[in-house]
Amino acid sequence: MHSRRARRSPPLYRRRTPLPVVQAMLLACFGASGLTMPSIALGQAPQHQAGVSRYDIPPGTLDQALNSFASTAGIVLSIDGSLTAGKASRGLSGHFGIQDGFAALLSGSGLEVHRSIGGGYVLRRSVAKQEPATLSAQETGTPSLQAVTVTARRESPGDLPQAYAGGQVARGGRLGLLGNKDVMDTPFNITSYTSDLIENQQAATLADVMDNDPAVRMSSRGRNTSVGGGDNFFLRGFGLANRDISFNGLYGVLPYGTLSMETVERVEVLKGPSALLSGMAPSGGVGGAINVVPKRAAETPLTRFTASYASDSQWGGHLDLGRRWGEKNQFGVRANGIYRNGDTSTSGQNAKLLAGALGLDYRGDQLRASLDIGYQSDDAKAATVGYRLAPTLTALPSPPEAGNRFVQDWERRTYKDNYHVLQAEYDVSPAWTLYGAAGARDHHHTNFRTESRILNQAGDTTTSPVNYPESSKSKSYLLGTRVKFGALNAVHELNLAASSMDIDAGYAYAQWAGFASNLYHPVFVPNPFQTGAPFSGFLDTRQSSKTKLSSVGISDSMSWRDGAIQLTVGLRRQKITVDNYAGTAPVNEWVSGYGKTVNSPAVGLIVKPWTNVSLYANYIEGLSPGMTAPADAENAGQAFPPVKTKQKEVGLKVDFGQVVGTVALFELRQPNAITIPGSSPDRNRYVMDGEQRNRGIEISAAGEVAHGLRVLGGLTYMQGKQVRTQNGNNDGKDATVAPRWIGNAGFEWNTPFLPGLTLTTRALLTGSQYVNAQNTQQLPGWARWDIGGRYRMRAFGRPVTVRANILNVANRSYWEGSAGSGGIVLSAPRTFTVSATMDF
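An account of the accompanying structure is given in this report. Note that the coordinates shown come from a computational prediction; the quantities given were computed from them, not determined experimentally.

Here we take up the overall build of the protein chain. Helix and strand counts for the protein chain stand at 9 helices and 46 strands. Here the protein chain holds 840 residues, and the buried ones make up 52% of them. Contacts in the protein chain between residues at least 24 apart in sequence constitute 67% of all its contacts with a sequence separation of at least 6. Working note: accessible area of the protein chain is about 36100 Å², and carbon and sulfur atoms make up 57% of it.

Dropping the structure here:
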């Protein structure tokens, strides 16, 4: 059934905060000199007696509003759909008791609730006639629902925020220590991508999902490549490695290369550091944080199969099963199985994927628990590589044609991962929750490939075969509590959590003699293993390091005036212990160690002058492993504390009802190591006195701008500068891999001429970027255009969705980015994907 969405006037919002407060917050965050914060007379916070809860229910059908209210209140409500058919609600925001909340939602509807003998509530017609105050479903553009009986449970901190208008992003996401937060109640810039977006775009990897974010660019893509160890990203000009991705807030458990998106419900992205929220990431990424939320069984049984095809000849299937059972549907199981195999759009390349994930969960009145078990095997033959640059090279060669064969047919890269995660939370009382998690991963990685270095603008290279397998085992633990209470005229949410992670890693490395080749005319050689050619290094995997990260974090989130003013303060104490071993020794030999502890504070402020407008500011830090002075320094062996990347940010968020927009201004400063004169002319000291400074502005929007027309995208402008460098040689020069401009624009349109058909398009723009500190090697800017469509219909009495997407429609070849030591990376060729999904 299709209904027209009538145009609505924007709601009137009550101004809640004096403008001087807003002005003071903005000026203080920009550091205006001589500014004195004006005094703020705070009103008495609402008294939270028993039965009073905070509600943030968006406009929609009356059925949906009542369902959301009942879920938050933790009550049982029976609804006759004939009573609410055609009725809509303006929503509910603020603190209400049960009776007051029902009265506000039902005002003018001609309906009321009656308390039943069993303790639940029943919706019925009012005896007295009331003045009309609700909108019809036709006016709001929302369809009416059939008769339904709602058996609600109280929402928990682990419940997922609802999808926003358009369904591509959610209303909020997980913020580590702080739990799930609505985007308007978050003093950071966050975006949460939904499973609808993942399915409709046929996203296969995290990198595919991140192609939608105007603040993120890839340094390497994990599938079908041997570059960089997986999906690796740049956010706000700083790196975030694949191993720094968390799983439901837990580090160190996800598959190492890239995760199959078929097993994922949400991908949550935080722009900027996150030391307070999540602790130090395993490899010290500070540009942002990405959290993956696994799929869970929904209330409705699910049996879904998807058949897929990708160019050149890669076929696959995906089975998705979900069931709930029990008196209150408290038990759930979600199982996903994926298999793909065949040739890719790169000549001579073949890839095979086998993955499975099982999610079990229990949802009781007080206890909620889940167990996730997963396996993934990702195998690529003739995997694509990166190209290192000779230091003397000043003009880069033009990129070769994407899709051509550049690597040897014997090159092969495999990832194999087993992982499992157990999580639980328990409500001691409505205001006190305990939670914990434990997880582990066993990872094995083979990587028999070539390494190439570009020598000149003509594309000549020197290429060497290498064998670089890796393995690691990790264990991760989390224990915390969350308490809500009222004090000092404020509503407080106190969070306390402790985390620990252990990683044992090993590798082997062998290298054969190099040979001359060329980007445009590659030279192919026999497999050195088969020819018995001599090599340097070792073939057996040996232990390389042991890492232990442990921390304790505490925060207090305070709110006044029904959330119009919110302040979060917190501190995390992080301990980092690293032991390094000599991999070249026949027996594991300890060669160096490192152990340091550091404190990371953070503060976040939100001011809402209107209920749909949030002004926010934050100061937060990111942590990376500290440096150790080299052997030739006067202070050789000195271990420095973990590196603190410090961020200051201010921003504005506006929820227009169907579209949400964010503007964020940020500055990040990260110390760098340099050498300074020592005690004598021939001596030097190694100190952390260099600095990189990235400043920028991010603008983003998501939602449904008109009925059937959805938008997702934005723009980032950034100036990354080297501020204090060795002898001042590079002062003022651009930071590496920090393009000035990044832009994304994606649109979806439900066609009026053929119901069920949706057309999509997306454009990605990236400015030029330097890949060395001297700013002598620069990658040109690039643009990519994608198109797609999907058609929903019924076939054989079943709902069917057919999807088709084309990435890089123009088949442009460009240098996409830099993977650091992995070299610069060539763009992927034009790729066509199509799939058909049927629900049984």
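Two residues of an α-helix separated by three or four positions point the same way, owing to the 3.6 residues in each turn. Between its first and last C-alpha atoms helix 2 (residues 62-73) spans 16 Å; for 12 residues at 1.5 Å apiece the expected length is 16 Å, and the two agree. Most of helix 2 is tucked away: 10 of the 12 residues are buried. At the exit of helix 2 stands glycine 74, carrying a positive phi of roughly 75 degrees.

The 4 strands are arranged 11-16-17-15 in an open sheet whose pairing can be described as mixed. Two strands in the sheet have a free side with no partner beyond their single neighbour: strand 11 (189-194) and strand 15 (246-247).

Position of arginine 340 among the secondary structure elements: in strand 20 (residues 331-344). In this structure arginine 340 comes out as buried when scored by relative accessible area, which is 13%. Of note is the side chain of arginine 340, whose polar atom sits 2.7 Å from the side chain of glutamate 262. Discounting residues that sit within four places of it in the chain, arginine 340 has contacts with Ala204, Arg223, Glu262, Ser308, Gln314, Trp315, Gly316, Ala351, Lys352 and Leu353.

Another aspect to go through is the environment of glycine 91. Residue position: glycine 91 is located in the loop between strand 4 (88-89) and strand 5 (92-96). Sequence spacing of glycine 91 and proline 59 is 32 residues, and the spatial spacing of their C-alpha atoms is 4.4 Å. Every residue in contact with glycine 91, bar those within four places of it in the chain, is listed here: Ile57, Pro58, Pro59 and Leu105.

Further remarks concern the sheet that holds strand 12 (residues 216-220). In any sheet, the strands associate via hydrogen bonds between backbone groups, in a parallel or an antiparallel arrangement. Spatial strand order, 12-13-14: 3 strands in an open sheet with antiparallel pairing. Edge strands, defined here as strands with exactly one partner in the open sheet, are strand 12 and strand 14 (238-240). Going from strand to strand, the sheet's axes swing by 35 degrees on average, the running direction of each strand aside. As paired elements, strand 12 and strand 13 (residues 232-235) share 4 bridges and run antiparallel to each other. Across the sheet, valine 216 pairs through a bridge with leucine 235, a residue of strand 13.

Centre distance and the angle of the planes are the two values used to describe a pair of aromatic rings. Across all of its chains, the model carries 19 aromatic pairs by this definition. Ring centres of phenylalanine 331 and tyrosine 362 lie 5.1 Å apart, and the angle between their planes is 50 degrees; this geometry places the pair in the tilted category. Remark: tyrosine 362 occurs in strand 21 (residues 350-363) and phenylalanine 331 occurs in strand 20; sequence separation between them is 31 residues. Between tyrosine 468 and tyrosine 507, the aromatic rings sit 6.0 Å apart at their centres with planes inclined by 80 degrees, giving edge-to-face as the arrangement. One end of the pair, tyrosine 468, is in the loop between strand 26 (460-467) and strand 27 (470-487); the other, tyrosine 507, is in strand 28 (residues 490-512), and 39 residues separate them in sequence.

To continue, consider unusual backbone geometry. The residue after serine 311, namely aspartate 312, is reached through a cis peptide bond having omega 20 degrees. Looking at the secondary structure, you find aspartate 312 in strand 19 (residues 312-325). The backbone of asparagine 248 shows a phi angle near 55 degrees, a positive value even though the residue is not glycine. Relative to the assigned elements, asparagine 248 resides in the loop between strand 15 and strand 16 (264-271). Overall, the relative accessible area of 11% leaves asparagine 248 in the buried class.

Okay, the pairing of strand 1 (residues 53-57) next. The side chains of a regular strand alternate, first on one face of the sheet and then on the other. Burial along strand 1 is one-sided: Ser53, Tyr55 and Ile57 are buried, and none of Arg54 and Asp56, which face the opposite way, are. Sheet topology places strand 1 next to strand 5; 5 bridges connect them, and they run antiparallel. Its bridge partner lying in strand 5, tyrosine 55 is registered against glycine 94.

Right, let's talk about the nonpolar core for a bit. For soluble globular proteins, the rule of thumb is that nonpolar side chains tend to be buried together. In this structure, Tyr193, Val209, Met210, Phe233, Met261, Val267 and Ile290 are the most contacted members of the largest nonpolar core, which totals 50 residues. Not counting the four nearest positions on each side in its chain, valine 267 is found in contact with Thr191, Ser192, Tyr193, Ile198, Leu206, Val209, Met210, Met261, Ile290 and Asn291. If you look at the next biggest cluster of nonpolar residues, it comprises 20 residues, including Ile57, Phe69, Leu105 and Val113.

A separate point is the side chain of serine 195. Within the secondary structure, serine 195 sits in helix 6 (residues 195-200). Among the residues examined, serine 195 registers a relative accessible area of 10% and is labelled buried. The residues touching serine 195, leaving out its near neighbours within four places in the chain, are Val264 and Glu265.

Take the environment of serine 813 next. In this fold, serine 813 is placed in the loop between strand 43 (798-807) and strand 44 (815-818). Distance in space between the C-alpha atoms of serine 813 and tryptophan 782 is 9.0 Å, their sequence separation being 31 residues. Not counting residues within four places of it along the chain, the set of residues in contact with serine 813 comprises Pro399, Pro400, Glu401, Ala402 and Ser827. Only 2.8 Å separates the side chain of serine 813 from the backbone nitrogen of alanine 402, close enough to count as a polar contact.

What follows deals with the pairing of strand 43. In the sheet, strand 42 (residues 782-795) pairs with strand 43 via 9 bridges, with the strands oriented antiparallel. Paired with glycine 788 across the strands is asparagine 805, a residue of strand 43. A loop of 2 residues connects strand 42 with strand 43, the two strands running antiparallel in sequence, and phenylalanine 796 in this loop sits at a positive phi of about 55 degrees. In terms of strand pairing, strand 43 meets strand 46 (residues 831-839) through 8 bridges, oriented antiparallel.

Moving on, we come to the pattern of salt bridges. On inspection of all chains with the given rule, the structure shows 40 salt bridges. Arginine 171 is the partner of aspartate 655 in a salt bridge, and the nearest nitrogen-oxygen pair spans 3.4 Å. Highlighted residues: aspartate 655 in strand 34 (residues 643-655) and arginine 171 in the loop between strand 8 (148-151) and strand 9 (172-174), separated in sequence by 484 residues. Residues glutamate 667 and arginine 669 are paired through a salt bridge, measuring 3.2 Å at the closest nitrogen-oxygen approach.

Criteria and cut-off values
Note on numbering: residues in each chain are counted from 1, in written sequence order. Reporting of local features is limited, given that this is a predicted model, to residues whose pLDDT is at least 70; pairs of side-chain atoms are given and counted only at 80 or more, and all residues count toward the totals for whole chains, interfaces and linings. To obtain the side-chain values, all non-hydrogen atoms of the structure were included, while hydrogens and water were left out. Where helices and strands are cited, they refer to DSSP runs of H or I of at least four residues and of E of at least two residues respectively, numbered from the N terminus. The classification of residues rests on relative accessible area computed with a 1.4 Å probe and restricted to protein chains. Under 20% of the type maximum is buried, over 50% is exposed, and intermediate values are partly exposed. Residues count as neighbours in contact if any of their non-hydrogen atoms are within 4.5 Å of one another. Working definition of accessibility: Shrake-Rupley area with a 1.4 Å probe, residue cover restricted to the visible protein chains. By definition here, a helix of n residues has an expected span of 1.5 Å times n minus one. Strands are treated as partners if at least two bridges between them are detected by DSSP. Whenever two N or O atoms come within 3.5 Å, that pair is a polar contact, provided that in protein one can donate a hydrogen and the other can accept it, and provided that, for residues adjacent in sequence, both atoms are side-chain atoms. Axis geometry follows a simple rule: fit a line to the C-alpha atoms, using only the stretch in contact for helices, then measure angles between N-to-C directions, giving values from 0 to 180 degrees. Two aromatic rings from Phe, Tyr or Trp, using only the six-membered ring of Trp, form a pair when their centres are within 6.5 Å; if the ring planes differ by under 30 degrees the pair is stacked, by over 60 it is edge-to-face, and anything between is tilted. Each nonpolar core is a collection of buried residues, namely Ala, Val, Leu, Ile, Met, Phe, Trp, Tyr and Cys, held together in the definition by side-chain atoms within 4.5 Å. Salt-bridge detection follows one rule: a side-chain nitrogen of Lys or Arg within 4 Å of a carboxyl oxygen of Asp or Glu.

All we've got here are geometric facts, nothing functional implied.
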